[in-house]
Amino acid sequence: ADPDVTFLQYRQVYGTNDNAVAVRKALKDQSTGHLYVMRWTQSRKELEDGLAAFNYSYRHLHIVNRLQRMALFKRIMGYLNTEDDLETRFSNGVTAVLYALASGARAVIITGINPASQGHIYNNLNLGRQHSQTDHDVLVALLRAGHPVYTADPDVAQSTGLPLWKADNWTLGS
């Protein structure tokens, strides 16, 4: 089944570095419900053309500019992050967590977001992650603030302190 929501960065659509190419390869001929493209500064037509180039489809396309992303961060975290440099930027995975919390999710269960890891789950390039420390700090801050964020990955639970999600933990729906 297609994901309900997907987050991309502007460079993942047109970028030429190895990671951007790997993202497009992983998403080629795939689709999603809501596609959020972060920090897009070009026209909507250029975005649509870029996505069509690797046959990525969506039911709803959302362009999120830098100020909107900053506002999302501030709404959940309580302080402004202007992402002025690589040390303060955070990943699409953390953006998804913030989005879920802002949307009123009763629990956010993450997987595939490991700030302590090298590389990305969708390729074997083993490229360094530029936002590892910020991602770690945000996840720990969310935990300390009492947000309902869990992980399905034992390594992430160990490195961040996030509670490990287990299916029998689900009592929020009853």
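A brief structural summary. Remember, predicted model here, so these are calculated numbers, not experimental data.

Digging into the nonpolar core
The nonpolar side chains of a soluble globular protein tend to be buried, and buried together. Ranked by internal contacts, the top residues of the largest apolar core, which has 20 residues, are Val97, Leu98, Leu101, Val108, Ile110, Leu142 and Val149. For this core, the secondary structure elements donating two or more residues are helix H4 (66-77), helix H5 (92-102), strand S4 (108-110) and helix H6 (132-144). In terms of residue count, the dominant contributor to this core is H5 (six residues). Not counting chain neighbours up to four residues away, the residues in contact with Ile110 comprise Val97, Leu139, Tyr150, Thr151, Ala152, Asp153, Val156 and Leu162. Judged by nonpolar contacts, the second largest core, of twelve residues, contains Leu8, Val23, Leu27 and Leu61.

With respect to the pattern of salt bridges
Within the structure shown, the criterion is met by five salt bridges. One salt bridge connects Arg44 with Glu48, and the closest N-O pair in it is separated by 3.2 Å. Linking Arg44 with Glu48, this pair stays in helix H3 (residues 44-53), spanning four residues, or about one helical turn. By relative accessible area, Arg44 is classed as partly exposed at 40%. Of the residues examined, Glu48 reaches a relative accessible area of 30% and is grouped as partly exposed.

A closer look at the sheet that holds strand S3 (residues 57-64)
Here three strands make up an open sheet; going across it, the order is S1-S2-S3 and the pairing parallel. With partners counted over all chains shown, the strands left at the sheet margins are strand S1 (5-9) and S3, one partner each. The average undirected angle you get between the axes of adjacent strands in this sheet is 25°. Taken together, the five bridges between S1 and strand S2 (residues 31-38) define a ladder with parallel strand orientation. From the neighbouring strand, Thr6 faces S2, where its bridge partner is Leu35. Taken strand by strand, H3 contacts S1, S2 and S3, and its axis lies near 140° from that of S3. The sheet strands contacting H5 are S1 and S2, and the helix crosses S1 at an angle near 135°.

Cut-offs applied
Residues numbered from 1 in each chain as written. Predicted model: local features only at pLDDT ≥ 70, side-chain atom pairs only at ≥ 80, totals over all residues. Heavy atoms only, no water. Core = buried A, V, L, I, M, F, W, Y, C linked by side-chain atoms within 4.5 Å. Buried < 20%, exposed > 50% of the residue type's maximum accessible area, 1.4 Å probe, protein only. Helix = DSSP H or I, 4+ residues; strand = E, 2+ residues; numbered from the N terminus. Contact = heavy atoms within 4.5 Å. Salt bridge = Lys/Arg side-chain N within 4 Å of Asp/Glu carboxyl O. Pairing = 2+ DSSP bridges. Axes fitted to C-alpha atoms, helices over the stretch in contact; angles between N-to-C directions.

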